[in-house]
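Summary of structural features
So you can see what is in the structure, the chains are spelled out below.
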Amino acid sequence: MLGRLGLLACAVFALASCDGGSSREIRATGSSTVYPFTKAVAEAFVQAKSGRKEPAIESTGTGAGISRFCEGVGYQYPDNASRRMKRAEFNKCEAKGVGEILEIPIGLDGIVLAESNAGPKLQLSRKDIYLALAANPMGKPNTAKTWKDVNPALPAIPIQVLGPPSTSGTRDAFVELMLEPGCLEAMPAAQELKKAADPALLDNACHRVRSDGPYVEKGEDDNLIVQGLEQNPNALGLFGYSYLEENASRLHGVPIDGIAPVYDTIASGKYPGVRSLYLYIKKQHLKAVPGLQDFLNLYTTMWAPGGPLARHGLIAAPQRIRERSAEAIQLALPLDVSALP
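Residues numbered from 1 in each chain as written. Predicted model: local features only at pLDDT ≥ 70, side-chain atom pairs only at ≥ 80, totals over all residues. Heavy atoms only, no water.

**Some points on the overall build of the protein**
Helix and strand counts for the protein come out as 14 helices and nine strands. Looking at the protein as a whole, 53% of its 341 residues are labelled buried. Counting every atom, the protein has about 14100 Å² of accessible surface; 49% of that belongs to carbon and sulfur. (Helix = DSSP H or I, 4+ residues; strand = E, 2+ residues; numbered from the N terminus. Buried < 20%, exposed > 50% of the residue type's maximum accessible area, 1.4 Å probe, protein only. Areas by Shrake-Rupley, 256 points an atom, 1.4 Å probe, with all protein chains shown as cover.)

Given below as C-alpha cells:
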C-alpha cells in the first residue's frame, strides 16, 4: 500500500552542542506534522532513565531543512525535512560527505482541509480544490472569489484557505495529492504535460498555488491555522491529520471526493490525501550521538496501533512496514537510493 501514498513527511536527526561543545544532545528539527510525535518520544526518553539530557525538538518546516541536513555531519548541522528526499538532494548530501542515511517509515498521515464546527460543512472534490486554489486553472489566471464560482452546488462564501508556506512539506504533499489530481480531472490535456520535457509547463498549469488572497500563508506553526479557523468559521485550514485529531472538539475535516479524513479511511488508504511519515538519520550519528540508538529504539515501541503515539494522532503503518523499520534501525540499513524521486 505504501508504494502509492505519494509524498512523505519526515524529521531528521543530527548532533547538537549545548554548552560550547562540552556536551552533546539529540537534536531533531522537522515538519510541524512530525513534531508532536517526535516530541512525545523525547519526553518518554527523558522519563525512562534518570539523568538523560532532553532532546531538542523543533518545528521548522522543510525546504531549508533538507539543505541544512545535507551540509555535513556534526553538531553544527541541525536537520529538517517534511517530504521524501529527492535524488538531487541526496547527491548534495553525498558530495558533502554525509555518508549513508537511514530512511525510517514511522506511520501514516492525511493531508486535511478542516473547518470550524461552526463552519458551512463543505464537501469538496479535488477538482473543486484545484479550481479554487490553483494559480492558473485550465491555463488561465484564477479569478474565482467564492466556492460557488468554482462549483454551482457549493455556497457563495469567499474562498479562504489558511495553510503553510511554500517551504513546507505539507504544502508539497497538498500539491501532489490534491492539486495535481484535480488538475488532471479538470483538464485532461494536462496528462500530456506530465510527459513534456519541460516540467515548468505542468508546474504552471497544475502545481502553482494562487497568491492573490484566497490562500493565506500562516507560517510553519499549525496552531496559528487552528486559531484562524476559530476567528473565521467560513475559512478552511490545511494541515496534517494529527492537528485535526488534537482539535476534534472544535474542528472537523472536510470530506474530499466523498471520503472524510478519519483514522480508518487514512489507515486503509481510501482517503485521497494519504502520505507516509518518515524519519531520516545520518548513519554516522548512531554512534557519535549519545542516546540516539536508544531514542530510535523507543520510537519503535510507541508507533504501534493503539500505542502512545496514536494518542497524538499518528496512524500506524502496516505491521510489515513497522517490522522493516525496526530492522533498519537495529541493523543501520541505509536507504535505497534508487527509490528516491
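**Thoughts on the side chain of R210**
Tracing the sequence through the fold places R210 in the loop between α8 (199–207) and β6 (215–217). A distance of 2.8 Å separates a polar atom in the side chain of R210 from the backbone oxygen of A132. For R210, the side chain forms a polar contact with the side chain of D212, separated by 2.8 Å. Ignoring anything within four residues of it in the chain, the contact list for R210 reads A132, L133, A134, A135, N142, T143, A144, I159 and Y215. (Polar contact = N/O pair within 3.5 Å; in protein donor to acceptor, adjacent residues only side chain to side chain. Contact = heavy atoms within 4.5 Å.)

**Examining helix α13 (residues 292–302)**
Residues L292, F295, L296, L298, Y299 and M302 constitute the buried set of α13. For α13, the arc enclosing every buried residue in end-on projection is 155°, short of the 170-degree limit, so these residues lie on one face. (Arc of directions from axis to C-beta.)

**Considerations on the nonpolar core**
Core analysis: the largest hydrophobic core is formed by 54 residues, its most contacted members being L113, L124, I129, L133, W147 and F239. In terms of residue count, helix α6 (residues 169–186) provides more of this core than any other element does, nine residues in total. Among the nonpolar cores identified, the runner-up in size contains 29 residues, and I104, L277, L279 and I329 belong to it. (Core = buried A, V, L, I, M, F, W, Y, C linked by side-chain atoms within 4.5 Å.)

**Some details on the packing of aromatic side chains**
All told, the structure shown has five aromatic pairs when counted by the stated rule. A centroid spacing of 6.3 Å and a plane angle of 45° characterise the contact between F239 and Y243, whose relative ring orientation is tilted. Joined through ring pairs, the aromatic side chains of F45, F295, Y299 and W303 make up one cluster. In this structure, R52 is placed above the aromatic ring of F45, and the distance from its NZ or CZ to the ring centre is 4.1 Å. (Phe/Tyr/Trp six-rings, centres within 6.5 Å; stacked < 30°, edge-to-face > 60°. Lys NZ or Arg CZ within 6 Å of the ring centre and 35° of its normal.)

**Structural notes on the state of the cysteines**
The full count for this structure, using the stated rule, is two disulfides. A disulfide bridge connects C70 with C93, and the sulfur atoms are separated by 2.0 Å. Judged by the sign of its S-S torsion, about -70°, the bond between C70 and C93 is left-handed. Here C93 lies in helix α3 (residues 87–95) and C70 lies in the loop between α2 (63–69) and α3, a separation of 23 residues in the sequence. Note on accessibility: C70 and C93 belong to one class, buried. Paired through a disulfide, C183 and C206 show a sulfur-sulfur distance of 2.0 Å. Disulfide C183-C206: the torsion about the S-S bond is -45°, which places it as left-handed. Here C183 is found in helix α6, whereas its partner C206 is found in helix α8, with 23 residues between them in sequence. There is no split in this pair, since C183 and C206 are both buried. Bonded cysteines in the protein are paired 1-2, 3-4 when counted in the order they occur along the chain. (Disulfide = S-S within 2.5 Å.)

**Remarks on the pattern of salt bridges**
By the definition in use, this model includes 10 salt bridges. Here E217 ties to R171 by a salt bridge, and the two come within 3.2 Å at their closest N and O atoms. Of this pair, E217 sits in strand β6 while R171 is found in helix α6, placing the two residues 46 residues apart along the sequence. Accessibility expressed as a relative area gives 46% for E217, which makes it partly exposed. Here R250 makes a salt bridge to E230, at a shortest N to O gap of 2.7 Å. Of this pair, R250 sits in the loop between α10 (241–246) and β8 (251–253) while E230 sits in helix α9 (residues 222–231), and the two are 20 residues apart along the sequence. Look at E230 and you get partly exposed, because its relative accessible area is 43%. (Salt bridge = Lys/Arg side-chain N within 4 Å of Asp/Glu carboxyl O.)

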